[in-house]
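Chain and residue survey
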Protein chains: 2
Amino acid sequence: MTRFRLTVEYDGRHFVGWQRQDNGMSVQQALEEAIFKFCGENAAVQGAGRTDAGVHALGQVAHVDIDKPSVGDTVRDAINFHLRPWPVAVLTAQAVGPQFHARFDAVARRYRYRIVNRRAPLALEQGRAWLVNLPLDADVMHEAAQRLVGQHDFSSFRAAMCQAKSPVKTLSSLNVARRGGDIEIDVEARSFLHNQVRIMVGTLKHVGEGRWTADDVSEALEAKDRAAAGVTAPPDGLYLMGVEYP
Amino acid sequence: MTRFRLTVEYDGRHFVGWQRQDNGMSVQQALEEAIFKFCGENAAVQGAGRTDAGVHALGQVAHVDIDKPSVGDTVRDAINFHLRPWPVAVLTAQAVGPQFHARFDAVARRYRYRIVNRRAPLALEQGRAWLVNLPLDADVMHEAAQRLVGQHDFSSFRAAMCQAKSPVKTLSSLNVARRGGDIEIDVEARSFLHNQVRIMVGTLKHVGEGRWTADDVSEALEAKDRAAAGVTAPPDGLYLMGVEYP
């Protein structure tokens, strides 16, 4: 048996999310079925980030144990062959020690959220970004975002269904920048609460539109109440960019 | 009657191309039907670049005459409303003089071609880039590309169905650059022959793979014979970026 670490890209529009569910195809299931077709083994694929339906990944990390003697490049190419036509691709597959755990060993997860800030509807970016019509001020969004960096009780930025034991998380960085007509929000933490990134983005949108100030963001954080924060941004604009290990 | 200049974005995957055809929906038809729903007029939309099926646009330019008294922003919003759910968006609509012609007045057209250069299949970029597995050397591609810049008889880089009277075109610039795992090819000319950009890209791919030299590109050009140039790159990676006017 060899444990392989996989880097995975996918288009979240076509899936009910990372994790297996009864109501449709998940990325995990697509990978596990492709692995079965490759080696006939019912291997469980463990992912670092359980992305929701519609959320994309450029650098999801997962691990899986395979009995069939294989090198990483063969595992990558074989899984990719059997994944077709699902929009999932294994970018790299690398043999690792049996103690490596994609989820529990992760020390940082990086997400990017993409807003297209214009009046016209999305055409090429349908399902791949959040369309915000009112002009956003990226600089004031960035300034307000710094109120969320560090260790906080993020109860206000947590979906009702969140299963984490503690609402306390440590945000390493949260950067907002304008790139032409796009607003890019880059965020990093060891781990996140359910919908935390999307609620932070929805809150910062209020700031960018001039409806909220940085102080309003601090107040929302201190309230420890989901109702005090902004809307939950749609999954379309969210990308799991990468996962870091020691 | 007012003539409006439109800037248009679209996802080429969903269309038979820019121009009206009997075998499916074109961008032109989608726009004309939306305009009819807005003002009840059978107005002909004239585009600057007749992109093929599968080719995208971030900055196509078109013009159309509308009798109903309207300002540009209303025209833009109304067309966009009636375009749904087609992946076409009017980014700007601007009243111009009745002598403006989107196609005949254009002094430059800019295209970008995107190659994803990696072993793994496309996931998020399906239909939006050309996947090339072998490693490409962008620097030698760029060097060889310079052999095509300037005024030449581009008969070798012209589809059999091309209707242009003369095969002589003047390429203003052709730049190849690597951006991470992507190769971006930016090209500008007053006008192009049918499939010219895609055949130039297919030819430069041979150079990037080390199978052709810059001299081979010059020879292909001098042969004035389609069979002497490289493959026609797929439409997926091609984007009409913008059109310039005096």
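Some remarks on the interface of chain A and chain B
On the side of chain B, 26 residues touch chain A, which itself brings 26 residues to the contact. Between chain A and chain B lies a buried interface of about 1900 Å² when both sides are counted; carbon and sulfur atoms form 55% of it. Area buried by chain A at its contact with chain B is led by Ala123(A), Leu124(A) and Arg128(A), which between them contribute 31% of it. Seen at the junction of chain A and chain B, the total is six salt bridges. Note that Arg118(A) and Glu9(B) form a salt bridge whose closest N and O atoms lie 2.8 Å from each other.

Some remarks on the pattern of salt bridges
Across all of its chains, the model carries 38 salt bridges over all chains by this definition. Of the charged contacts in the structure, one is a salt bridge between Glu125(B) and Arg128(A), with a shortest N-O distance of 3.1 Å. Taken as a pair, Glu125(B) in the loop between strand S5 (108-117) and strand S6 (130-132) and Arg128(A) in the loop between strand S5 (108-117) and strand S6 (130-132) lie in two separate chains rather than in one. Measuring nitrogen to oxygen at the nearest pair gives 3.0 Å for the salt bridge that ties Asp215(A) to Arg147(A). Within this pair, whereas Asp215(A) is found in helix H5 (residues 214-223), its partner Arg147(A) is found in the loop between helix H3 (138-145) and strand S7 (150-153), the two being separated by 68 residues in sequence. Owing to a relative accessible area of 45%, Asp215(A) belongs among the partly exposed residues under this scheme. On the basis of relative accessibility, which here comes to 33%, the residue Arg147(A) falls in the partly exposed class.

Notes on the relation of the copies chain A and chain B
Mapping chain A onto chain B calls for a rotation angle of 180 degrees and an axial translation of 0.0 Å; the resulting RMSD is 0.0 Å. What we have between these two chains is a two-fold relation. The rotation axis passes nearest to the C-alpha of Glu125(A) in chain A, at a distance of 5.6 Å. Most of the interface of chain A is mirrored in chain B, where 100% of its interface residues are also at the interface.

Looking at the packing of H3(A) against helix H4 (residues 196-208) of chain A
Residue and element names in this part refer to chain A. Packing of H3 against H4 leaves a shortest axis separation of 8 Å and a crossing angle of 130 degrees. With respect to their mutual orientation, H3 and H4 come out oblique. The way H3 lies across H4 gives a crossing that is right-handed. Each of Val140, Met141, Ala144 and Ala145 in H3 lies in contact with H4, whose residues at this interface are Leu204, Lys205, Val207 and Gly208. A class-by-class count of the residues in the contact of H3 with H4 yields six nonpolar, one polar and one charged.

Remarks on the domain arrangement of chain A
Where interface size is given, it is often the accessible area lost as the parts come together that is meant. Residue and element names in this part refer to chain A. Segmentation of chain A into domains returns domain 1 (2-96) and domain 2 (108-244). Using C-alpha coordinates to define each centre, domain 1 is positioned 27 Å away from domain 2. Together, the buried faces of domain 1 and domain 2 total about 1200 Å²; carbon and sulfur atoms form 54% of this surface. For the pair domain 1 and domain 2, the number of links is one salt bridge. One salt bridge in this structure joins Asp52 and Arg198, with 3.7 Å as the shortest N-O distance. At the junction of domain 1 and domain 2, the tally comes to nine residue pairs in polar contact (both at pLDDT 80 or more).

What counts and what doesn't
Every chain's residues receive numbers from 1 upward, in the order its sequence appears when written. Just so you know, chain letters begin at A and ligand numbers begin at 1, following the order they were written in. Confidence filtering applies because this is a predicted model: local features only for residues at pLDDT of at least 70, side-chain atom pairs given and counted only at 80 or more, and all residues used for totals across whole chains, interfaces and linings. Only hydrogens and water are set aside; all other atoms, that is, all heavy atoms of the structure, feed into the side-chain values. Contacts are assigned to residue pairs with any non-hydrogen atoms lying within 4.5 Å of each other. When two parts are brought into contact, each loses some accessible area as probed by a 1.4 Å sphere; the total of that loss over both is the buried area. Here a salt bridge means any side-chain nitrogen of Lys or Arg lying within 4 Å of a carboxyl oxygen belonging to Asp or Glu. By the criteria applied, helices consist of DSSP H or I runs no shorter than four residues and strands consist of E runs no shorter than two, each listed in order from the N terminus. Any residue under 20% of the maximum accessible area for its type is buried, any over 50% is exposed, and the rest in between are partly exposed; the area is computed with a 1.4 Å probe on protein chains only. The copies were overlaid by least squares, fitting only the C-alpha atoms of residues that reach a pLDDT of 70 or more in each copy. Axis lines are fitted to C-alpha atoms, over the contacting stretch for helices. Their N-to-C directions set the angle, which ranges from 0 to 180 degrees. Any angle between 65 and 115 degrees counts as roughly perpendicular, while under 35 counts as roughly parallel, over 145 as roughly antiparallel, and the rest as oblique. By definition, turning the near helix anticlockwise from the far helix through less than a right angle yields a left-handed crossing, and turning it clockwise yields a right-handed one. Amino acid classes used here: Ala, Val, Leu, Ile, Met, Phe, Trp, Tyr, Cys and Pro are nonpolar; Asp, Glu, Lys and Arg are charged; the rest, including Gly, are polar. Note that the domain bounds were set by an automatic or database domain assignment. We define a polar contact as two N or O atoms separated by no more than 3.5 Å, with the added condition that, inside protein, one atom must be a possible hydrogen donor and the other a possible acceptor, whereas residues neighbouring each other in sequence contribute only through side-chain atom pairs.

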